[in-house]
Amino acid sequence: MNKRTYKDYASARAAKSDTPKNCLFAFLVGGGICAFAEAIKAGYLALGTEKETAAILVPCTLILLTAILTGLDLFDGIAKHAGAGTLVPITGFANAVVSPAMDSRKEGLVPGLGVRIFSVAGPVILYGTLASVLYGTVYCLCGAGGAI
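Residues numbered from 1 in each chain as written. Predicted model: local features only at pLDDT ≥ 70, side-chain atom pairs only at ≥ 80, totals over all residues. Heavy atoms only, no water.

1. Details of the overall build of the protein
Put simply, the test is: What counts as a helix is a DSSP run of H or I of at least four residues, what counts as a strand is a run of E of at least two, and both are numbered from the N terminus. Only protein chains enter the accessibility calculation, which uses a 1.4 Å probe; a residue is then buried when its area is under 20% of its type maximum, exposed when over 50%, and partly exposed in between. We call two residues contacting when some pair of their heavy atoms lies within 4.5 Å. To measure how exposed things are, a 1.4 Å probe is used in the Shrake-Rupley method; for residues, cover is taken only from the protein chains shown. Positive: Lys, Arg. Negative: Asp, Glu. His and the chain ends are not part of the count. Here the site of a charge means NZ on Lys, CZ on Arg, CG on Asp, or CD on Glu.
In terms of helices and strands, the protein carries 7 helices and 0 strands. Reading the protein from its N end, one meets helices and strands in the order α-α-α-α-α-α-α. Projected onto its principal axes, the C-alpha coordinates of the protein cover approximately 60 × 40 × 40 Å. Taken over 148 residues, the protein has a buried fraction of 20%. Taking contacts inside the protein between residues at least 6 apart in sequence as the whole, the part at least 24 apart equals 48%. A total of about 10,400 Å² of accessible surface is found on the protein, and carbon and sulfur atoms cover 70% of it. If the 12 positive side-chain charges of the protein are averaged to one point and the 9 negative ones to another, these points end up 12 Å apart.

Shown next, in the form of structure tokens:
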């Protein structure tokens, strides 16, 4: 089978995507998560939390809620219907950390959970840390007030 024949075969059997509907759901769910985050922030501020502290507590709360929903096997059901809207960076990242751990928990705490917890998110953490170190080095070499 040549490439063209295979492409035609695969295209004929692939599920058709309803792009406008998927975009709408992603927009609504992603926006809903962001609006929920703003409500959490407003709640922290109403409790008398300082603005800077509330700004730190919001992503921590979203990470915790996403990890709990992933652990209870609820987040994937939401993501199935919401599509890319659940990939709002902080919730998508939390799900990417917890999901492999949940999938491999039967293998034990160290060989399963401990080894695989960062299998998806590990490269993001590694290269994000490396990029921040490089940026910080350049920033320091050019001077804190330099034009970067």
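2. Side note on the packing of aromatic side chains
Two numbers describe a pair of aromatic rings. These are the distance of the centres and the angle of the planes. Applied cut-off: Working definition: rings of Phe, Tyr and Trp (its six-membered ring) pair if their centres are within 6.5 Å, and the pair is stacked with planes under 30 degrees apart, edge-to-face with planes over 60 apart, and tilted otherwise.
According to the stated counting rule, one finds 1 aromatic pair in the structure shown. Relative to Tyr 139, the ring of Tyr 135 has its centre 6.1 Å away and its plane inclined at 20°; by these criteria the two rings are stacked. In this pair, Tyr 135 and Tyr 139 both sit in helix H7 (residues 122-142), 4 residues apart, roughly one turn of the helix. Residue classification places Tyr 135 among the partly exposed positions, given a relative accessible area of 48%.

3. Comments concerning unusual backbone geometry
With a phi close to 60°, Asp 73 is a non-glycine residue in the positive phi region. Tracing the backbone shows Asp 73 in the loop between helix H3 (51-71) and helix H4 (75-82). For Asp 73, a relative accessible area of 58% puts it in the exposed group.

4. Structural notes on the side chain of Thr 91
Counted only if it meets this: Any pair of nitrogen or oxygen atoms within 3.5 Å is treated as a polar contact; in protein, a donor-acceptor pairing is required on top of that, and neighbouring residues in sequence qualify only through side-chain atoms on both sides.
On the secondary structure map, Thr 91 appears in helix H5 (residues 89-103). Look at Thr 91 and you get buried, because its relative accessible area is 3%. Engagement of the side chain of Thr 91 in a polar contact is seen with the backbone oxygen of Thr 86, the distance being 3.0 Å. Beyond its immediate stretch of four places on either side in the chain, Thr 91 contacts Ile 33, Leu 62, Thr 66, Phe 75 and Thr 86.

5. Observations concerning the pattern of salt bridges
Oppositely charged side chains may form a pair once their charged atoms are brought near each other. Defined as follows: A side-chain nitrogen of Lys or Arg and a carboxyl oxygen of Asp or Glu constitute a salt bridge if their distance falls within 4 Å.
What the rule picks out here adds up to 1 salt bridge. A salt bridge links Asp 8 to Arg 4, with the nearest nitrogen and oxygen atoms 3.5 Å apart. Of this pair, Asp 8 and Arg 4 both sit in helix H1 (residues 3-13), 4 residues apart, which is roughly one turn of the helix. Asp 8 sits in the partly exposed class, given a relative accessible area of 39%. Its relative accessible area of 54% is what places Arg 4 among the exposed residues.

6. A few points about the environment of Val 88
Considering the arrangement of structural elements, one finds Val 88 in the loop between H4 and H5. Sequence separation between Val 88 and Ile 33 is 55 residues, and the spatial gap between their C-alpha atoms is 7.6 Å. Residues contacting Val 88, with those up to four places away along its chain left out, are Gly 30, Ile 33 and Cys 34.

7. Here we look at a nonpolar patch on the surface
The cut-off we apply is this: The residues that make up patches have over 30% relative accessible area and no salt bridge, and they are joined within 9 Å when like-charged or within 5 Å when they are Val, Leu, Ile, Met, Phe, Trp or Tyr.
A cluster of nonpolar side chains, Leu 24, Phe 25, Phe 27 and Leu 28, forms an exposed patch at the surface whose accessible area comes to about 420 Å². Mapped onto the elements, Phe 27 comes out in helix H2 (residues 19-46). Classification of Phe 27 as exposed rests on a relative accessible area of 63%.

8. Observations regarding the domain arrangement of the protein
Quick note on the threshold: Marked domain ranges trace back to an automatic or database domain assignment.
Taken domain by domain, the protein holds domain 1 (18-117) and domain 2 (121-148). Just the C-alpha atoms count here: the centres of domain 1 and domain 2 sit 26 Å apart.

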